[in-house]
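# Fold and geometry: a report
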Amino acid sequence: MRAHIVTYGCQMNEYDTHLVQSQLVSFGADIVDSVDVADFVLLNTCAIRGKPVEKVRSLLGDLRKIKARRPLVIGMMGCLAQLEEGQQMARKFGVDILLGPGSLLDIGKALESNERFWGLAFRDELHDHVPPAPAGQLQAHLTIMRGCDHHCTYCIVPTTRGPQVSRHPDDILRELDLQLAAGVQEVTLLGQNVNAYGVDQGARLGGYPTFANLLRLVGRSGVRRVKFTTSHPMNFTEDVAAAMADTPAICEYVHLPVQSGSNRVLRRMAREYTREQYLAHVADIKKHLPHVVLATDIIVGFPGETEDDFAQTLSLYDEVGYDSAYMFAYSARPGTPSYKHFDDLPREVKTERLERLIARQKDWSARKNAAKVGTTQEVLIRGEAHSDGFLEGHTRGNHPTIVPAAIGATGPGVYPVRIDHATPHMMYGTVLGPDGHPLPQVPRLDPQAAALSAPLSMA
Ligand code: SAH
Ligand code: SF4
Ligand code: F3S
């Protein structure tokens, strides 16, 4: 079998793609990177906003056409698969296998079945399952919990991924050991609300470690860099900031989604914290980690958001001074409370506010990144950048970074880099040697000479 997986959505979906892919490989499948050469195409879907849903609909349309011409097994997994909306699509486009986020380990049974297979249960085995480490990668994801116990009124995730279940720390550490043995240098702990890790299993009663203590355990494992996402402000405790400060492997990067700066909107979103409480968490974080890099998520144009509410989001933005942000226009999702109870704002209002917020974020990112010029950052180089002779990677604070390949730094690895130049979205630097001096660059063809010789080599 030649299988091709297309992944939409968040890092949790990327992790699940890896999990299912490793199952397929264990059944003897070849993983191919194009639909054209695949006899099994599996879409790992996302339902968070309208756009990813529409992408899946259009891809399913294309796949149905291919299937009319040649044998093809079509599969659908992930968040949309768990929803009636996704199942209707699956029926319409002739999907053979459908697996919700809790049924991923049914993939083997599904492929053996001669009929359409629908797996929608939330199975316990998934939490104990330890997939093999990704091969040849310096970075890995590690799911520490699934599902979500919050009920933010705009959000479909509690419906698609069910209630929160934390994985046992032994399974997490076992998976981490495999990753370390495979050469992983940076692990990102994943969950919808990692700060509440263990709470569902009685962490407070001494059963599972708290998230702060899990961070300390993971940080002591020998892994070089640890990141985590996402933190819900309501469950954020000062001890998490303290654990970050006392555990060198934990990167000084916090992604703390605020969603809105207006208490009125936060209440209607059912976020369970106020602007003031959020700012108190930020103050705690800055106290323990003066050089922290802060990122957030913001939804603009939530139903009923007034110009004054939006102004409060902008002012909170300035008060915190975020390094980066994921910004979204509200998208009404069928099945969520806000879809049912509130009227959507006109699209133009949402777009216009989103543009203003993006401009504000760009200013802040420019300022924050410029302040890093001249500093030395630890950069995890993933591999070659788009332009020849350059490598790309990211810092401990998640800044995308480009460096020229240097003698001693021609491929993946973790290197000290002096930042020479910064834009709002990218940092440019030079790899330093052990003596703190720039490593000599790999000699490159003069770009002008390369341009001149191009037509000749094509002839
Ligand atoms: N569990 C994470 C969020 C996961 S979803 C948390 O609570 O922080 C990722 C982001 O998508 C959210 O933070 C939110 O900003 C955005 N989002 C979720 N539902 C949305 C919707 N209906 N419309 C627009 N953005 C949405
Ligand atoms: Fe969605 Fe809220 Fe849960 Fe995040 S915390 S996944 S936004 S319900
Ligand atoms: Fe992630 Fe999308 Fe599901 S953001 S949790 S894949 S709805």
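What you are looking at is a predicted structure, and each value in this text was computed from that prediction instead of being measured.

## Concerning helix α1 (residues 11-26)
Count 3.6 residues to each turn of an α-helix, and residues three or four apart come out pointing the same way. The terminal C-alpha atoms of α1 lie 23 Å apart, and with 16 residues this matches the ideal 22 Å at 1.5 Å per residue to within 8%. Those residues of α1 lying buried are M12, N13, Y15, D16, T17, L19, V20, S22, Q23 and L24. G28 sits one or two positions beyond α1 and adopts a positive phi of about 95 degrees.

## Comments concerning the site of ligand 1
The full set close to ligand 1 counts 15 residues, and Y154, Q192, Q259, D297 and S331 are the nearest of them. A distance of 3.1 Å is found between an oxygen atom of ligand 1 and a side-chain nitrogen or oxygen belonging to R49. Here a nitrogen atom of ligand 1 and a backbone polar atom of S331 are 2.8 Å apart. Contact with the protein chains removes 90% of the 540 Å² of surface that ligand 1 exposes when unbound. Put simply, the parts of the chain that give the shell around ligand 1 at least two residues each are β13 (293-300) and β14 (324-329). When its residues are assigned to classes, the shell around ligand 1 shows seven nonpolar, four polar and four charged.

## Some remarks on the packing of aromatic side chains
For the coordinates displayed, the defined rule picks out seven aromatic pairs. Between Y154 and F302, the aromatic rings sit 6.3 Å apart at their centres with planes inclined by 80 degrees, giving edge-to-face as the arrangement. Placement of the pair is Y154 in the loop between β8 (145-146) and α6 (157-161) and F302 in the loop between β13 and α12 (307-320), with a sequence separation of 148 residues. Owing to a relative accessible area of 0%, F302 belongs among the buried residues under this scheme. Centroid distance F302 to F342: 5.9 Å. Interplanar angle 75 degrees. Geometry classified as edge-to-face. Taken together, the positions of F302 in the loop between β13 and α12 and F342 in the loop between α13 (337-341) and α14 (347-370) put the pair 40 residues apart, joining distant regions of the chain. Exposure remark for F342: the relative accessible area of 23% places this residue in the partly exposed category. These aromatic residues form a ring-pair network of at least three members: Y154, F302, Y330 and F342. In this structure, R49 packs its charged tip against the face of F328, placed 3.7 Å from the ring centre. The ring centre of W364 lies 4.1 Å from the NZ or CZ of R367, which sits over that ring.

## Examining the environment of G389
In this structure, G389 sits in the loop between β15 (376-384) and β16 (390-394). Apart from the residues within four sequence positions on either side, G389 is in contact with V403, P404, A405 and R444.

## Examining the site of ligand 2
Within the structure, ligand 2 sits among C148, H150, C152, Y154, C155, V157, P158, Q192, H232 and R271. Of the residues belonging to the shell around ligand 2, the class tally is six nonpolar, three polar and one charged.

## Brief notes about the UniProt feature "domain: TRAM" (unreviewed entry) in the protein chain
According to UniProt, the "domain: TRAM" (unreviewed entry) feature falls on residues 370-433. Structurally, residues 370-433 comprises 2% helix and 53% strand, and the distance from its first C-alpha atom to its last is 23 Å.

## Let's talk about the UniProt feature "binding site: [4Fe-4S] cluster 1" (unreviewed entry) in the protein chain
With numbering aligned to this structure, UniProt lists the feature "binding site: [4Fe-4S] cluster 1" (unreviewed entry) at C10, C46 and C79. Sequence-wise these annotated residues cover 70 residues; spatially they are packed, their C-alpha atoms never more than 10.4 Å apart. The topology assignment puts C46 in the loop between β3 (40-45) and α2 (50-69). Looking at C46, the relative accessible area reads 9%, which means it is buried. Here C46 is in contact with Y8, G9, N13, P52, V53, C79 and L80, once residues within four sequence places are set aside. As for its placement among the helices and strands, C79 is situated in the loop between β4 (73-78) and α3 (84-92). Taking relative accessible area as the criterion, C79 reaches 10% and is therefore assigned buried. Look past the residues within four positions of C79 in its chain and what remains in contact with it is T45, C46, A47, P101, T160 and R161.

## Re the environment of F236
Mapped onto the secondary structure, F236 falls in the loop between β11 (225-229) and α9 (238-246). For F236, a relative accessible area of 4% translates into the label buried. Residues F236 and P101 lie 135 residues apart in sequence; the distance between their C-alpha atoms is 26 Å.

## Some points on the packing of α9 against helix α11 (residues 275-288)
Running from N to C, α9 and α11 point in directions that differ by 20 degrees, and their axes come no closer than 9 Å. One finds that α9 runs roughly parallel with respect to α11. By crossing handedness, the relation of α9 to α11 is classed as right-handed. Every residue of α11 that contacts α9 at E238, A241, A242 and A245 is listed here: D284, I285, K287 and H288.

## Describing the pairing of strand β17 (residues 400-404)
With four of five residues buried, β17 is to be regarded as a mostly interior element. Bridge count between β16 and β17: five bridges; the pairing is antiparallel. Looking at the pairing, E392 lines up with I402 of β17. If you look at the hairpin formed by β16 and β17, you'll find five residues sitting between the two strands, and N398 has a positive phi there, around 70 degrees. With two bridges joining them, β17 and strand β19 (residues 427-431) adopt parallel strand pairing. In the sheet register, T401 faces β19, and the bridge partner there is M427.

## Concerning the pairing of β11
Within β11, five of the five residues are buried, leaving the element largely enclosed by the surrounding structure. Covered by surrounding structure in β11 are R225, K227 and T229 together with V226 and F228, the residues of both alternating faces.

## Describing the sheet that holds β15
Taken together, the five strands give a closed barrel; going around it, the order is β15-β16-β17-β19-β18, and neighbouring strands pair in mixed fashion. Strand after strand, the sheet turns through a mean of 50 degrees between neighbouring axes, direction not considered.

What counts as what
Throughout, a residue's number is its position along its own chain's written sequence, starting from 1. Chain letters start at A and ligand numbers start at 1, both assigned in the order the entries are written. Reporting in this predicted model follows two pLDDT cut-offs: at least 70 for local features of residues, and 80 or more for side-chain atom pairs to be given and counted; totals over whole chains, interfaces and linings ignore these cut-offs and use all residues. Side-chain figures throughout are based on the complete set of non-hydrogen atoms in the structure, without hydrogens or water. In this description a helix means any DSSP run of H or I spanning at least four residues, a strand means any run of E spanning at least two, and both kinds are numbered starting from the N terminus. Take the residue count of a helix, subtract one, and multiply by 1.5 Å to get its expected span. Any residue under 20% of the maximum accessible area for its type is buried, any over 50% is exposed, and the rest in between are partly exposed; the area is computed with a 1.4 Å probe on protein chains only. By convention in this text, a residue qualifies as near a molecule or strand provided that one of its non-hydrogen atoms is within 4 Å of it. Counted as a polar contact is a pair of N or O atoms within 3.5 Å, where, for protein atoms, one must be capable of donating a hydrogen and the other of accepting one, and residues adjacent in sequence contribute only when both atoms are in side chains. Per-residue accessibility takes into account occlusion by the displayed protein chains alone, with areas from the Shrake-Rupley method and a 1.4 Å probe. Residue polarity follows a fixed list, in which Ala, Val, Leu, Ile, Met, Phe, Trp, Tyr, Cys and Pro are nonpolar, Asp, Glu, Lys and Arg are charged, and the others, Gly among them, are polar. Classification of ring pairs uses Phe, Tyr and Trp, with its six-membered ring standing for Trp, and accepts pairs whose centres are within 6.5 Å; under 30 degrees between planes counts as stacked, over 60 as edge-to-face, and the remaining range as tilted. Only lysine NZ and arginine CZ atoms are considered, and such an atom sits over a ring when it is within 6 Å of the ring centre and within 35 degrees of the ring normal. Contacts were defined at the residue level, with two residues in contact if any of their heavy atoms lie within 4.5 Å. UniProt positions are given in the numbering used here, feature names are shortened, and annotations may be inferred rather than shown by experiment. An axis is simply a line fitted to the C-alpha atoms; with a helix, the fit covers only the stretch in contact. Between two such axes, the angle follows the N-to-C directions and lies from 0 to 180 degrees. Small angles under 35 degrees read as roughly parallel and large ones over 145 as roughly antiparallel, with 65 to 115 read as roughly perpendicular and the rest as oblique. Handedness of a crossing is defined here by the sense of rotation of the near helix relative to the far one, left-handed for an anticlockwise turn of less than a right angle and right-handed for a clockwise turn. A pair of strands is considered paired only if DSSP assigns at least 2 bridges between the two.

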